[in-house]
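So the chains spell out like this:
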Amino acid sequence: MKQQPLKIKESSEVVSKKDYDTLLGKYEDLERQLTEIKRLIFGSKRERFVGVTSDQLALFDTQKQEGTTSEEQIHYTREKSKKKNKAKRQLIPSHLPRIEEIIEPKDIESGAKKIGEEITEILEYNPAKIYVRRIVRPKYTQPSKQSITIAELPSLPLPKSNAGASLLAQIMVDKFVNHLPFYRQIQILKRQKLTLSDATITGWFNATTTLITPLYQVLEKQVLQSSYLQADESPIKVQDHHKKGKLHTGYHWVYHAPVEGLVLFKYDPSRSSKAPATFLQNYSGTLQTDGYKVYYNLPIQGTVKSLSCMAHARRYFEKALDQDPSRATYVLQQIQYLYAIERKAKDKGIDLATKSRYRSLYSKAILNRLRKWLEEHRNKTLPKSSIGRAFAYSLNLWDSLIAYIENPLYNIDNNLIENAIRPLALGRKNYLFAGSHSAAQKAAMMYSLFATCKINNIEPFSWLHNTLKVIADYSVLDLHLLLPNSKP
């Protein structure tokens, strides 16, 4: 049987321009969502954009002489060496301890004279070992005093426990720096012939966090005293007895004081404005955040100046490269010029006054030019398209986005606090969730102290070990001296 051709009924209905624009907007929005999904699945996670010419990197160099330039062709010959460069062995750091091993030659004659020596340095590793610290305190009777004398027991972090400061410090570092859940640590200790139950190691964790809670409170007070803070938040799954069989999504709210070198994590079950409003209730200063709306117009008693993040604005345009490469590339180039200025200032180590002057001379001009261009091209884009969203994000936050040029202490972006949050993201992949809301806050305490160690280049185990040995005997008024940013 011959197949009949399909008949399509033509419609005489005319679509209005308004309906057409609506359908086109929906199409652009779906296309944007599809592009973002493809990027998440197949694309690179890097946001690096290459497009700045070398001329833009010479802002801090000696000014070039003005005048006409002429082109000159240079011809030269170069001989290629057939020998490949040998890889150079990296020097062993001088601060590492040395254990010397002397090997004398065999059958050396009597009266031989030493004329020198050959030294070979090899890196070795001594694996961690569990040992027992046995404290013996002899007792003495003193007939003249008719009493018994015994030495005082040294201060212990957990007097009613048999866990020493070094073991407690290593457990905390392994959990929150090396991202090893407690059950994995139990397995590692078991291979060293030490069997611990989950209840024991959890009890040590709870007791240790209770011991350092006063230090965490001092850290919180010092963060709130800073005149310039960066803020961000990150989710964490939490077991909640009110939701049987389900995990609750709570949030670690993170605050970073760049000038003082302090980081504070605070846990809250929600992502509402209540969390930052409660913490910043009496705060006055500058707060740098991304575009999350809860940070703006907080119901607090203090006065807060808003500062936005240029990296988040750049991210929007980077996502729009596939959809509108011409406009997105132009904006990304301008932003890269701004970062070139910041990078040059950091590399040259210039003082704050010079940094402020160069921002005023160069960055301000770039920002003024960019704003004018954005306003001219905004109406040429669809609001729900990727490029339209990028335009809207930047222009809506423009005043707070460019406010960093007002003070040389301000950073161009929020990347420092995102770096501080990264250990939390790595930890989530390993231990998956916190056992309770209380445990999530205790984790926030440890992340705060270890993140502060990291940005101050302090070795976390040594710091926590020394802190646990002395904190029980420290005066409350002197606790700030134990913080990782404290200078001896």
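Scoring rules and cut-offs
Residues numbered from 1 in each chain as written. Predicted model: local features only at pLDDT ≥ 70, side-chain atom pairs only at ≥ 80, totals over all residues. Heavy atoms only, no water. Helix = DSSP H or I, 4+ residues; strand = E, 2+ residues; numbered from the N terminus. Buried < 20%, exposed > 50% of the residue type's maximum accessible area, 1.4 Å probe, protein only. Contact = heavy atoms within 4.5 Å. Areas by Shrake-Rupley, 256 points an atom, 1.4 Å probe, with all protein chains shown as cover. Patch = residues over 30% accessible without salt bridge, like charges linked within 9 Å, V, L, I, M, F, W, Y side chains within 5 Å. Salt bridge = Lys/Arg side-chain N within 4 Å of Asp/Glu carboxyl O. Arc of directions from axis to C-beta. Expected span 1.5 Å × (residues − 1). Phe/Tyr/Trp six-rings, centres within 6.5 Å; stacked < 30°, edge-to-face > 60°. Lys NZ or Arg CZ within 6 Å of the ring centre and 35° of its normal. Axes fitted to C-alpha atoms, helices over the stretch in contact; angles between N-to-C directions. Parallel < 35°, antiparallel > 145°, perpendicular 65-115°, else oblique. Left-handed = near helix turned anticlockwise from the far one by under 90°. Nonpolar A, V, L, I, M, F, W, Y, C, P; charged D, E, K, R; others polar.

Draft legend 1. Quick peek at the overall build of the protein. When helices and strands are counted, the protein shows 13 helices and 7 strands. Counting all 488 residues of the protein, 37% fall into the buried class. The contacts of the protein with a sequence gap of at least 6 include a subset with a gap of at least 24, amounting to 65%. In the form shown here, the protein has an accessible surface area of approximately 33700 Å², with 53% of it arising from carbon and sulfur atoms.

Draft legend 2. Inspection of unusual backbone geometry at higher detail. A positive phi angle is found at Asp107, which is not glycine, with a value near 55°. Take Asp107: it is sitting in the loop between helix H1 (17–42) and strand S1 (139–142). On the accessibility criterion, Asp107 (79% relative accessible area) is exposed. For Asn297, which is not glycine, the phi torsion reads 60° and is therefore positive. Of note, Asn297 is situated in the loop between strand S6 (285–288) and strand S7 (304–307).

Draft legend 3. Representation of a nonpolar patch on the surface in the model. Taken together, the side chains of Val259, Leu352 and Leu409 present a nonpolar region at the surface, about 250 Å² in accessible area. You can see Leu352 is positioned in helix H8 (residues 352–377).

Draft legend 4. Spatial organisation of helix H3 (residues 182–190). Of all the residues in H3, the buried ones are Phe182, Gln185, Ile186 and Leu189. Buried residues along H3 cover an arc of 105° about the axis, so they all sit on one side. Packing partners of the buried residues in H3 comprise helix H2 (165–176) and helix H4 (198–224).

Draft legend 5. Here's a closer look at helix H12 (residues 437–455). Over its 19 residues, H12 extends 27 Å from the first C-alpha to the last, a length consistent with the 27 Å expected when each residue adds 1.5 Å. Those residues of H12 that sit buried are Ala440, Ala443, Ala444, Met445, Met446, Tyr447, Ser448, Leu449, Phe450, Ala451, Thr452 and Cys453. Immediately downstream of H12, the backbone of Asn457 shows phi near 55°, a positive value.

Draft legend 6. Broad picture of the pattern of salt bridges. For the structure shown, the criterion picks out 10 salt bridges. Of the charged contacts, one joins Glu220 and Lys266 as a salt bridge, the two residues approaching to 3.5 Å between their closest N and O atoms. Within this pair, whereas Glu220 is found in helix H4, its partner Lys266 is found in strand S5 (residues 262–268), the two being separated by 46 residues in sequence. The class for Lys266 is partly exposed, based on a relative accessible area of 23%. With a shortest N-O distance of 3.6 Å, Arg315 and Glu418 are connected by a salt bridge. In this pair, Arg315 sits in helix H6 (residues 310–319) while Glu418 sits in helix H11 (residues 415–431), placing the two residues 103 residues apart along the sequence.

Draft legend 7. Region of interest: the packing of aromatic side chains. Evaluated as defined, the whole model comprises 13 aromatic pairs. Their ring planes at 80° and their centres at 5.2 Å tell us that Phe176 and Tyr447 sit as a pair that is edge-to-face. Of this pair, Phe176 sits in helix H2 while Tyr447 sits in helix H12; the two residues are 271 residues apart in sequence, bridging distant segments of the chain. The same class applies to Phe176 as to Tyr447, namely buried. Put simply, the rings of Phe176, Phe182, Phe205, Phe265 and Tyr447 pair up and form one aromatic cluster. Sitting over the ring of Phe176, Lys175 keeps its end group 5.9 Å from the ring centre. In this arrangement the basic side chain of Lys175 is found over the ring face of Phe182, its NZ or CZ atom lying 4.6 Å from the centre.

Draft legend 8. Just the packing of H6 against helix H7 (residues 325–348), in detail. H7 packs onto H6 with a crossing angle of 155° between their chain directions and a minimal axis gap of 9 Å. Regarding the angle of H6 to H7, the classification is roughly antiparallel. Judged by the twist between their axes, the crossing of H6 over H7 is left-handed. Between H6 and H7, the contacting residues are Met310, Ala311, Arg314, Phe317 and Glu318 on the first element and Ala328, Val331, Leu332, Ile335, Leu338 and Tyr339 on the second. Class assignment for the residues of the contact of H6 with H7 results in 9 nonpolar, no polar and 2 charged.

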